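Take a look at the letters that make up each chain.
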Amino acid sequence: MAEAIILGSRRTAIGRAYKGSLVATRPDDMLADVTRALLGSIPDLDPTRIDEFLLGCSLASGEQGGNLGRVVPVMLGLDGVPGSTVNRYCASSMQTTRSAHHAIRNGDGAVYLSMGLEAVSRIGSRGPDPVEDERHPMFRGLVPSSPWSDPRTHGAVPDVFVGMGLTAENVADLHSVSRLEMDEFAVRSHELAIAARDSGFWDDEIVPVERADGSTFDRDEGPRAGSSIEALAGLKPAFRENGRVTAGNSCPLNDGAAGLVIVDETVASEIDSPLKARIVSTAVHALSPEIMGIATVGAARRALHRAQLSIDDIGVVEINEAFAAMVVPTYRELGVPLEKVNPFGGALALGHSFGMSGARITGTLLRGMRSRGARYGLQTMCVAGGQGMAMVVELLE
């Protein structure tokens with residue numbers, strides 16, 4: 001079977017939803033800018049060789065609707081490139097990478113774009129939760145329990161539409177994660193993201209986007225230099241009375257786009273690229289939707305098993321920081337030393353543009369592995385509805 005090789009990545013800086021620098025930018029224009037820059041970064045690759053444009057987008061409606069996976073190639077003059085739009089909520093563009101991996105391994109094609117997009121500002125955000133009357137009757141009127149216990153023990157079904165903040169509270173209950181531990185991890189994320197940004201860690205990755213006023217946006221808006229344990233301690237619980245999850249230890253809503261070029265090893269051998277990595281394995285996992293955040297652990301263990309590696313073989317681990325309540329038990333359950341976890345900050349500081357995040361995190365992981373001299377890296381993400389997803393990669397150059 002052919003091997004799938006990631007050649008490079010590009011992304012926008014991440015903007016704050018509703019009040020940030022990408023508020024006036026159409027999602028299709030944003031995605032087109034990133035795609036153009038991504039292809040431009042690999043001049044040896046003929047764009048007409050692309051077998052498929054795969055787009056991950058969590059809220060594919062409004063300006064993000066109409067299958068932008070096909071629309072954007074046509075915008076760029078690539079009429080002969082097929083495209084599709086995929087939804088696995090927070091891991092949507094990790095799913096497109098997995099799909100490209102599978103296609104290459106099966107011999108279905110040799111060149112894929114794995115793209116991710118979310119422009120919450122342009123469409124509003126209901127997240128994965130439809131309004132009550134749009135749900136199947138089975139899931140209407142369910143009342144979440146606190147602390148969490150399997151709802152099937154008291155005659156109900158797990159709420160597949162449970163709010164993400166409540167799942168974080170449930171995981172904190174189940175794994176005894178304290179408020180202080182969450183706040184400490186959030187402050188760490190901001191400090192590391194600021195250090196990475198100021199050191200130029202992302203300079204070769206970020207695609208400048210022109211604002212409506214003609215200025216350029218090329219700097220992540222989320223990281224806060226003044227973040228502290230004392231400041232976060234003053235915030236009220238956001239999702240449950242007397243809870244532990246606050247705005248300070250949760251990811252914000254964001255806008256952004258990102259993408260990866262994924263090719264087989266034959267094409268990779270023809271192309272000069274400063275960053276090459278082999279996709280070793282991928283995995284998905286599912287459990288009760290009401291404890292969504294800890295599905296990361298099962299997915300990571302499956303991916304490591306398929307890669308025939310242990311967690312000790314992994315040099316850098318990227319866990320999507322949807323909530324600190326979910327990241328803390330994930331790295332503990334997996335036995336990952338904290339210094340290997342999100343060493344350049346994560347979504348608590350940078351932001352979580354749902355469909356974009358999978359591809360963004362892969363780019364961060366590969367650059368982090370290169371900077372630390374790591375051979376293997378692990379990426380894992382929790383997914384609305386009680387899912388987790390993971391991928392193991394090997395740095396080649």
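Residues numbered from 1 in each chain as written. Predicted model: local features only at pLDDT ≥ 70, side-chain atom pairs only at ≥ 80, totals over all residues. Heavy atoms only, no water.

(A) Molecular detail of the pairing of strand β11 (residues 376-383). Burial analysis of β11 places eight of its eight residues in the buried class, which makes it a mostly covered element. Here β11 shows a buried face lined by Tyr376, Leu378, Thr380 and Cys382 and a second buried face lined by Gly377, Gln379, Met381 and Val383. Both strand β10 (residues 316-319) and β11 contribute to a ladder of four bridges, which runs parallel. Bridging from a neighbouring strand, Glu318 pairs with Gln379 of β11. Bridge count for β11 against strand β12 (residues 387-395) is eight bridges, and the pairing is antiparallel. Following the sheet pairing, Met381 is matched in β12 by Met389. Adjacent in sequence and paired antiparallel, β11 and β12 are bridged by three residues, among which Gly385 carries a positive phi angle near 95 degrees. (Buried < 20%, exposed > 50% of the residue type's maximum accessible area, 1.4 Å probe, protein only. Helix = DSSP H or I, 4+ residues; strand = E, 2+ residues; numbered from the N terminus. Pairing = 2+ DSSP bridges.)

(B) The arrangement of the packing of helix α6 (residues 179-199) against helix α10 (residues 324-334) in detail. For the pair α6 and α10, the least separation of the axes is 9 Å and the interaxial angle reads 95 degrees. Considering the angle they form, α6 stands roughly perpendicular to α10. Taking contact as the criterion, the partners of Glu181, Met182 and Phe185 in α6 are, on α10, Ala324, Ala325, Val327, Val328, Tyr331 and Arg332. Within the contact of α6 with α10, the residues separate by chemical class into seven nonpolar, no polar and two charged. (Axes fitted to C-alpha atoms, helices over the stretch in contact; angles between N-to-C directions. Parallel < 35°, antiparallel > 145°, perpendicular 65-115°, else oblique. Contact = heavy atoms within 4.5 Å. Nonpolar A, V, L, I, M, F, W, Y, C, P; charged D, E, K, R; others polar.)

(C) Inspection of the environment of Thr153 at higher detail. With respect to the secondary-structure elements, Thr153 resides in the loop between α4 (120-123) and α5 (164-175). Since its relative accessible area comes to 62%, Thr153 is described here as exposed. A distance of 2.6 Å separates a polar atom in the side chain of Thr153 from the backbone oxygen of Asp150. (Polar contact = N/O pair within 3.5 Å; in protein donor to acceptor, adjacent residues only side chain to side chain.)

(D) Here's a closer look at the pattern of salt bridges. In the structure shown here, the tally under the stated rule is 21 salt bridges. Among the salt bridges present, the one from Asp204 reaches Arg370, with a minimum N-O distance of 3.8 Å. In this pair, Asp204 is assigned in the loop between α6 and β6 (209-210) and Arg370 in helix α12 (residues 354-372), connecting sequence segments 166 residues apart. A residue is classified by how much of its surface remains accessible, and Arg370, at 36% relative accessible area, is partly exposed. The network of salt bridges with common partners includes Arg11, Asp204, Glu205, Asp220, Arg367 and Arg370. (Salt bridge = Lys/Arg side-chain N within 4 Å of Asp/Glu carboxyl O.)

(E) Layout of the environment of Thr282. The residue Thr282 is located in strand β9 (residues 277-286) in this model. The spacing of Thr282 and Ala299 is 17 residues in sequence and 8.2 Å in space, taken between C-alpha atoms. Those residues in contact with Thr282, other than ones at most four positions away along the chain, are Arg98, His101, His102, Ala303, Arg306, Ala390 and Met391. A distance of 2.8 Å separates a polar atom in the side chain of Thr282 from a polar atom in the side chain of Arg98.

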